[in-house]
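The residues making up each chain are set out below.
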Amino acid sequence: MKFFIDTANLAEIQEANDLGILDGVTTNPSLMAKEGITGHENVINHYKAICEIVDGPISAEVIATDYAGILAEGEALAALHPNIVVKVPMIRDGIKAIKYFTEQGIKTNCTLIFSAGQALLAAKAGATYVSPFVGRLDDISTDGVELISQIRLIFDNYGYETQILAASVRHPMHILKCAEIGSDVMTGPLSAITALLNHPLTDIGLAKFLADHQKAAKTA
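Please read these numbers as outputs of a predicted model, since none were measured by experiment. (Residues numbered from 1 in each chain as written. Predicted model: local features only at pLDDT ≥ 70, side-chain atom pairs only at ≥ 80, totals over all residues. Heavy atoms only, no water.)

What follows concerns the nonpolar core. Counting residues in hydrophobic clusters, the biggest one holds 57 residues, and the most contacted among them are Phe101, Cys110, Ala122 and Val130. Discounting chain neighbours no more than four positions away, the residues touching alanine 122 are Met90, Ile95, Ile98, Cys110, Ile113, Ala127 and Val130. (Core = buried A, V, L, I, M, F, W, Y, C linked by side-chain atoms within 4.5 Å. Buried < 20%, exposed > 50% of the residue type's maximum accessible area, 1.4 Å probe, protein only. Contact = heavy atoms within 4.5 Å.)

This is the structure:
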């Protein structure tokens, strides 16, 4: 399972990368705004800065919602760096654009997916990734992890190479459940990733090992 971090914060991206398990980054306009990154030139420069930190797929989202606009933005983003993946919304013109990008050899991430049918359409159009939003489905009392399971079954039935990117991951149990089901990628905050490090028995065991070492050192 690949681990992406869902943020535009360069310090968090660097920390996750330094941990040695980071495979890529996903961003969106909301995350950019959260970091105070506004204006076209600043956003473009920020994408470039991310690409300098992480040697892996970097999802950069288009703002346009019309076919011509998505193509123009997507081609410009793809030209920034070989690792850029053009993030396209799950809308009619988005699917058309994904088909075009696929034919041009441009990698895509179809975002804002909330049903297996949407994921199937994106896969048929040739999307590199589909991003079902696990956490947002949970927010409306729908099983987000079950959606990952449905998509996995459909993709395996027909041999689609599109990768399932579990998005809107909120906590470590989301990560583990998506891993059990067979999601190809997860993307979430640094806190969800680092939470996998923690277990109370590890803390207790380490404390005991260190205490025993101290005792041995005193009697030596």
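In this section: a negative patch on the surface. Taken together, the side chains of Glu12, Glu15, Asp18 and Glu35 present a region of like negative charge at the surface. Looking at the element boundaries, glutamate 15 is found in helix H1 (residues 10-19). (Patch = residues over 30% accessible without salt bridge, like charges linked within 9 Å, V, L, I, M, F, W, Y side chains within 5 Å. Areas by Shrake-Rupley, 256 points an atom, 1.4 Å probe, with all protein chains shown as cover. Salt bridge = Lys/Arg side-chain N within 4 Å of Asp/Glu carboxyl O. Lys, Arg positive; Asp, Glu negative; His and termini not counted. Charge placed at Lys NZ, Arg CZ, Asp CG, Glu CD. Helix = DSSP H or I, 4+ residues; strand = E, 2+ residues; numbered from the N terminus.)

Here we come to the layout of surface pockets. In this structure, the largest pocket encloses a volume near 380 Å³. Lining the largest pocket are 21 residues, and of these Asp6, Asn28, Leu31, Phe133 and Arg136 sit closest to its centre. Elements with a minimum of two residues in the lining of the largest pocket: helix H2 (29-34), strand E5 (108-113) and strand E8 (185-188). Of the residues forming the lining of the largest pocket, the biggest block, three residues, is contributed by H2. Considered class by class, the residues forming the lining of the largest pocket number eight nonpolar, eight polar and five charged. There is about 220 Å³ of room inside the second largest pocket. Asn28, Pro29, Met32, His40, Val43, Ile44, Tyr47, Glu61, Ile63, Glu73, Ala76 and Leu77 together form the lining of the second largest pocket. Looking at the lining of the second largest pocket, the elements that each hand over two or more residues are H2, helix H3 (40-53) and helix H4 (67-78). Tallying contributions element by element places H3 first for the lining of the second largest pocket, with four residues. The class makeup of the residues in the lining of the second largest pocket is eight nonpolar, two polar and two charged. (1 Å grid on protein atoms, 1.4 Å probe; cavity = no way out; pocket = protein on both sides within 12 Å on 5 of 7 lines; lining within 4 Å. Points joined across faces, edges and corners; volume = space filled by probe spheres on them. Nonpolar A, V, L, I, M, F, W, Y, C, P; charged D, E, K, R; others polar.)

Applying the stated criterion across every chain, the model contains five aromatic pairs. Ring geometry for phenylalanine 114 against phenylalanine 133: centres 5.5 Å apart, planes inclined by 50°, an arrangement best described as tilted. With phenylalanine 114 in the loop between E5 and helix H6 (116-125) and phenylalanine 133 in the loop between strand E6 (129-132) and helix H7 (134-139), this residue pair connects regions lying 19 residues apart in the sequence. Since its relative accessible area comes to 9%, phenylalanine 133 is described here as buried. Ring pairs connect the aromatic residues Phe155, Tyr158 and Tyr160, which therefore count as one cluster. Over the aromatic face of tyrosine 67 sits the side chain of lysine 96, whose NZ or CZ is 4.8 Å from the ring centroid. (Phe/Tyr/Trp six-rings, centres within 6.5 Å; stacked < 30°, edge-to-face > 60°. Lys NZ or Arg CZ within 6 Å of the ring centre and 35° of its normal.)

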